[in-house]
Amino acid sequence: IVKSIRISFESNFSSDKVENESMLFLIIKNVFVKVKIIMLEFMEQHPELAKGHLNSSDARTKSKELWDRLTLDLNAAAVPSRDANGWKKVWADYKNIIKVKCRRNKSGISGTGGGPSNFCSLTPQEQQVSDLLSIHVNVNGLNGTRDFGAKRSSTASSTIVLANEIDQAEGNKD
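Residues numbered from 1 in each chain as written. Predicted model: local features only at pLDDT ≥ 70, side-chain atom pairs only at ≥ 80, totals over all residues. Heavy atoms only, no water.

Draft legend 1. Quick look at the pattern of salt bridges. Scanning the entire structure with this criterion turns up 3 salt bridges. Linking Asp93 and Lys89 is a salt bridge whose minimum nitrogen-to-oxygen distance equals 3.1 Å. Here Asp93 pairs with Lys89, and both are found in helix α5 (residues 84-109), just 4 residues apart, close to one helical turn. For Lys89, a relative accessible area of 52% puts it in the exposed group. Across the pair Lys101 and Glu126 runs a salt bridge whose closest N-O atoms are separated by 2.9 Å. With Lys101 in helix α5 and Glu126 in helix α6 (residues 124-133), the pair connects residues that are 25 residues apart, well separated along the chain. Comparing Lys101 with Glu126 shows no difference in burial state: the two are buried. (Salt bridge = Lys/Arg side-chain N within 4 Å of Asp/Glu carboxyl O. Helix = DSSP H or I, 4+ residues; strand = E, 2+ residues; numbered from the N terminus. Buried < 20%, exposed > 50% of the residue type's maximum accessible area, 1.4 Å probe, protein only.)

Rendered as structure tokens:
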């Protein structure tokens, strides 16, 4: 990607090699911001595509049509042209990055301390994607639901109480 942007930049702005790496970085950053905004606006219009849950008899055809439309918009605005599968991968990677940030934030909040914070703030676009896809529910779980499984205890006395409860339950079975 960087190579294709560099070639495009060099052909449009200079005949020599690009020496100013910071200017190239700004151009790359602006291209990706523009791509994310276009993708986000399209996905907000088509949330079922964003989630990958098209509910219709011709879901595969509709999905292909929507991705083809988005591909045309993105290729018109971005230097690295891709096919629909390439843009699908960009969307999947972007969603994954946001999920990783949210998981890191959750583990940082529930951590015991000691050391620097692992908190990663989400950009406004990332927050919009998180809200659109309900990523916070995937990471934190639903509010008001019950946890199942064995009780977790950290002290020996609570382990003994739990063992006694198990013994009593087994005694009631006989």
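Draft legend 2. α6, seen in detail. Listing the buried residues of α6 in full gives Glu126, Val129, Ser130, Leu132 and Leu133. Projected onto a plane normal to the axis of α6, the buried residues spread over an arc of 165° and lie on a single side. Note on α6: the residue one or two positions beyond its end, Ser134, has a positive phi of about 55°. (Arc of directions from axis to C-beta.)

Draft legend 3. Region of interest: the packing of α5 against α6. Following both chains from N to C, one finds α5 and α6 inclined at 95°, their axes separated by 10 Å at the closest point. With respect to their mutual orientation, α5 and α6 come out roughly perpendicular. Side by side, α5 and α6 meet where Trp91, Tyr94, Lys95, Ile98, Lys101 and Cys102 of the first sit next to Gln125, Glu126, Val129, Ser130 and Leu133 of the second. Per-class residue counts for the contact of α5 with α6 are 6 nonpolar, 2 polar and 3 charged. (Axes fitted to C-alpha atoms, helices over the stretch in contact; angles between N-to-C directions. Parallel < 35°, antiparallel > 145°, perpendicular 65-115°, else oblique. Contact = heavy atoms within 4.5 Å. Nonpolar A, V, L, I, M, F, W, Y, C, P; charged D, E, K, R; others polar.)

Draft legend 4. Representation of the nonpolar core. With 26 residues, the main nonpolar core has Met43, Trp67, Leu70 and Trp91 as its most contacted residues. Listing elements by their share of this core, those giving two or more residues are α2 (21-45), α3 (47-51), α4 (59-77), α5, α6 and α7 (135-140). When residues of this core are assigned to their parent elements, the largest contribution, 7 residues, is made by α2. When sequence neighbours within four positions are dropped, the list of residues in contact with Met43 reads Leu49, Ala50, Trp67, Leu70, Trp91 and Leu132. (Core = buried A, V, L, I, M, F, W, Y, C linked by side-chain atoms within 4.5 Å.)

Draft legend 5. Structural detail: the environment of Gly86. Within the element layout of this structure, Gly86 appears in helix α5. C-alpha of Gly86 to C-alpha of Thr71: the two residues are 15 residues apart in sequence and 9.0 Å apart in space.

Draft legend 6. Summary view of the packing of α4 against α5. At a minimum axis separation of 9 Å, α4 and α5 run at an interaxial angle of 85°. Here α4 lies roughly perpendicular to α5, going by the angle between them. Counting all contacts with α4, which are made through Trp67, Asp68, Thr71, Leu74 and Asn75, the residues of α5 involved are Ala84, Trp87, Lys88 and Trp91. A breakdown of the residues in the contact of α4 with α5 according to their chemical character gives 5 nonpolar, 2 polar and 2 charged.

Draft legend 7. Representation of the packing of aromatic side chains in the model. If you walk through the whole model with that rule in mind, you get 1 aromatic pair. Ring centres of Trp91 and Tyr94 lie 6.4 Å apart, and the angle between their planes is 55°; on these two criteria the pair is classed as tilted. Of the two residues, Trp91 and Tyr94 both sit in helix α5, 3 residues apart, roughly one turn of that helix. Note on accessibility: Trp91 and Tyr94 belong to one class, buried. (Phe/Tyr/Trp six-rings, centres within 6.5 Å; stacked < 30°, edge-to-face > 60°.)

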